[in-house]
Amino acid sequence: MKIASIELFVIQMPLKSPFLTHLGAVNNREGIIVKVTDSDGLSGYGEGVAFSTPWYTEETVATSLHMLTDILIPLLQKHPIDHPEEASHLFSSIRRNNMAKAALETALWDLYAKVNTKPLSKILGGTRPVIASGVVVATDSTANALRQIEQYLIEGYQRIKVKINPNQDYSFLAEIRSHYPELPIMADANSAYSLKDIDRLKALDEFNLIMIEQPLAHDDIIEHALLQKEIRTPICLDESIVTFDDARKALEFGSCKVINIKVGRIGGLYEAIRIHDYCFEKGIPVWCGGMIEFGISRAHNIALASLPGFSIPGDISASSRFWEEDIISPEVAVDNGYIHVPLNSGIGYELNEKRLQEVLLTKRSFTFS
Ligand code: OSB
Ligand code: MG
């Protein structure tokens, strides 16, 4: 890969409606779009998915910009690579900062696929022509949740995820279940509980949730294993899995029965494929998580979710779930509950330059010699 330049675009867009969890509200989304251009003028795109503040992981837009500007891009300038897998090895000398790494690594995968004129999904080993689409309801009232679920089911989503916490769990889920006895529902707690809440969590077994995501601490795998022995509902880990080894240990300990793979959280597509392959071999289902992302990251998620082990609908919704207008063209669309995996080369979506300019905050450029 002969890289000629890298550009970083920091953008900001308001959400259509606030995304509420017990950890706070997201009203405005800042993000970083990475554009890597080679000496033939081909460009690959990636997206930094850290939030403005460190509520979900320790990274932020500002720390990602620092890592990209002062560490990761200079590293790539010093060590040219031939394949995106080498970027993952190169970046392993840097501790954590996974979202910053993934922003650049995913752009290199897109560029590599375009150089080889193949869809990114095929480069990654994808086999599915379409992926099943799920959506997240993140609100603090039962009435709002019911209204949103009704609308999302009309739009064709196949699976609903709701955010829960000790102030919004049993009666909230009972009300939703009474309206939708057969609907595939899962609940995401984003670490709202501790082992003291074991009876509360046991009580949720009666709702036949397809899983409960990250009930306990963001960095725990020990207590999740104790909890999984006490509840029938499968536990899915999100925040706790930041490396391949975390996934391996969590499965060895029995801390979960399902894994949410988020490319940003684990540092890129290479690590995502490793976790996928390991789980696939062991018969552990995985699904692709979401980060309230813009179209570039959404496109990478679609390519990844085309791999055979992604057997559960993920949090990959249409561009219109969050945005009045996304930064890609065409936008991601859900058709009868499915998203079509693009057949053109790379991520298969173009950057919408006009929309990018409208939402642009700052830009940085780097040249390679
Ligand atoms: O815990 O899965 C999560 C969004 C931001 C941060 C963390 C999480 C989420 C979601 C997915 O629940 C939202 C989406 O992009 O659809
Ligand atoms: Mg989650």
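Quick summary incoming for the structure in this document.

Conventions adopted
- Residues numbered from 1 in each chain as written.
- Chains lettered and ligands numbered in written order.
- Predicted model: local features only at pLDDT ≥ 70, side-chain atom pairs only at ≥ 80, totals over all residues.
- Heavy atoms only, no water.
- Helix = DSSP H or I, 4+ residues; strand = E, 2+ residues; numbered from the N terminus.
- Rg over C-alpha atoms; globule rule 2.2 N^0.38 Å.
- Buried < 20%, exposed > 50% of the residue type's maximum accessible area, 1.4 Å probe, protein only.
- Contact = heavy atoms within 4.5 Å.
- Areas by Shrake-Rupley, 256 points an atom, 1.4 Å probe, with all protein chains shown as cover.
- Pairing = 2+ DSSP bridges.
- Donors = N, O, S within 2.8 Å, 3.2 Å for Na, K, Ca; no water.
- Near = heavy atom within 4 Å.
- Polar contact = N/O pair within 3.5 Å; in protein donor to acceptor, adjacent residues only side chain to side chain.
- 1 Å grid on protein atoms, 1.4 Å probe; cavity = no way out; pocket = protein on both sides within 12 Å on 5 of 7 lines; lining within 4 Å.
- Points joined across faces, edges and corners; volume = space filled by probe spheres on them.
- Nonpolar A, V, L, I, M, F, W, Y, C, P; charged D, E, K, R; others polar.
- Axes fitted to C-alpha atoms, helices over the stretch in contact; angles between N-to-C directions.
- Salt bridge = Lys/Arg side-chain N within 4 Å of Asp/Glu carboxyl O.

### As for the overall build of the protein
Turning to step 1, where the next piece is worked out: Counting its regular elements, the protein contains 13 helices and 15 strands.
Turning to step 2, where the next piece is worked out: What you see for the protein is a C-alpha radius of gyration of 20 Å, in line with the 21 Å of a compact globule of 369 residues.
Turning to step 3, where the next piece is worked out: Across its three principal directions, the C-alpha atoms of the protein cover 60 × 40 × 35 Å.
Turning to step 4, where the next piece is worked out: Burial analysis of the protein (369 residues in total) assigns 60% to the buried set.
Turning to step 5, where the next piece is worked out: Here the contacts in the protein between residues at least 6 apart in sequence split such that 71% fall between residues at least 24 apart.
Turning to step 6, where the next piece is worked out: As presented, the protein carries roughly 14800 Å² of accessible surface, and 50% of it is formed by carbon and sulfur atoms.

### Section: the pairing of strand β1 (residues 3-21)
Turning to step 1, where the next piece is worked out: Inspection of the sheet shows β1 paired to strand β2 (residues 24-38) by 14 bridges, in the antiparallel sense. By the bridge assignment for β2, Ile11 is matched with Gly31.
Turning to step 2, where the next piece is worked out: The hairpin formed by β1 and β2 contains 2 residues between the paired strands.
Turning to step 3, where the next piece is worked out: Pairing between β1 and strand β15 (residues 360-367): 7 bridges, direction antiparallel. Bridging from a neighbouring strand, Val10 pairs with Thr362 of β15.

### A word on the coordination of the magnesium ion (ligand 2)
Turning to step 1, where the next piece is worked out: Looking at the magnesium ion (ligand 2), one finds its protein donor set to be Asp188 (OD), Glu213 (OE) and Asp238 (OD), positioned 2.1 to 2.3 Å from the metal centre.
Turning to step 2, where the next piece is worked out: On the primary sequence, the residues serving as donors to the magnesium ion (ligand 2) are separated as D-x24-E-x24-D. Of this pair, Glu213 sits in strand β8 (residues 212-213) while Asp238 is found in the loop between β9 (235-237) and α9 (244-253), placing the two residues 25 residues apart along the sequence. Pair check on accessibility: Glu213 and Asp238 agree, each one buried.

### A word on the site of ligand 1
Turning to step 1, where the next piece is worked out: Around ligand 1, the surrounding shell holds 18 residues, and the nearest of these are Lys161, Lys163, Asp188, Asn190 and Ile292.
Turning to step 2, where the next piece is worked out: Between Lys163 and ligand 1, the recorded distance is 2.8 Å, taken from a side-chain N or O atom to an oxygen atom.
Turning to step 3, where the next piece is worked out: Residue Lys262 places a side-chain N or O atom 3.1 Å away from an oxygen atom belonging to ligand 1.
Turning to step 4, where the next piece is worked out: Relative to its unbound accessible surface of 380 Å², ligand 1 loses 99% to contact with the protein.

### Digging into the layout of surface pockets
Vacant regions in the atomic arrangement are exposed by a probe of water-molecule size rolled over the atoms.
Turning to step 1, where the next piece is worked out: Its volume calculated, the largest pocket comes out at about 840 Å³.
Turning to step 2, where the next piece is worked out: Listed by contribution, the elements that provide at least two residues to the lining of the largest pocket are α2 (84-91), α3 (98-115), α9, α10 (263-266) and α11 (269-282).
Turning to step 3, where the next piece is worked out: Counting residues per element, the lining of the largest pocket draws most heavily on α3, at 4 residues.
Turning to step 4, where the next piece is worked out: Tallied by class, residues from the lining of the largest pocket come to 11 nonpolar, 15 polar and 13 charged.
Turning to step 5, where the next piece is worked out: Around the second largest pocket, the lining residues are Lys16, Ser17, Pro18, Phe19, Leu20, Ala138, Thr139, Asn144, Gln148, Tyr152, Arg321 and Phe322.
Turning to step 6, where the next piece is worked out: Of all the secondary-structure elements, those providing two or more residues to the lining of the second largest pocket are β1 and α5 (142-154).
Turning to step 7, where the next piece is worked out: With 5 residues, β1 is the largest single contributor of residues to the lining of the second largest pocket.
Turning to step 8, where the next piece is worked out: Tallied by class, the residues present in the lining of the second largest pocket amount to 6 nonpolar, 4 polar and 2 charged.

### What to know about unusual backbone geometry
Turning to step 1, where the next piece is worked out: In this model, Ser329 is joined to Pro330 through a cis peptide bond whose omega is -5°.
Turning to step 2, where the next piece is worked out: Position of Pro330 among the secondary structure elements: in the loop between β12 (328-329) and β13 (338-340).
Turning to step 3, where the next piece is worked out: Phi at Asn97 is positive, roughly 50°, even though this residue is not glycine.
Turning to step 4, where the next piece is worked out: As for its placement among the helices and strands, Asn97 is situated in the loop between α2 and α3.

### Things to note about the sheet that holds strand β3 (residues 43-48)
Turning to step 1, where the next piece is worked out: The strand order β3-β2-β1-β15 describes an open sheet built from 4 strands, whose pairing is antiparallel. In this open sheet, the two strands that pair with only one neighbour each are β3 and β15. Within the sheet, the average angular offset between the axes of one strand and its neighbour, ignoring direction, is 20°.
Turning to step 2, where the next piece is worked out: Relative to β3, α3 is tilted by about 155°, and along the sheet it contacts β1, β2 and β3.

### Looking at the pattern of salt bridges
Turning to step 1, where the next piece is worked out: Under the defined criterion, the tally for this structure stands at 16 salt bridges.
Turning to step 2, where the next piece is worked out: The partner of Lys161 in a salt bridge is Glu213, and the shortest N-O contact between them spans 2.9 Å. Here Lys161, found in strand β6 (residues 159-163), pairs with Glu213, found in strand β8; they are 52 residues apart in sequence, far enough to count as distant. Like Glu213, Lys161 is buried.
Turning to step 3, where the next piece is worked out: Measuring nitrogen to oxygen at the nearest pair gives 3.6 Å for the salt bridge that ties Lys202 to Glu230. One end of the pair, Lys202, is in helix α7 (residues 198-203); the other, Glu230, is in helix α8 (residues 222-230), with 28 residues separating them in the sequence.
Turning to step 4, where the next piece is worked out: You can call Lys202 partly exposed: its relative accessible area is 34%.

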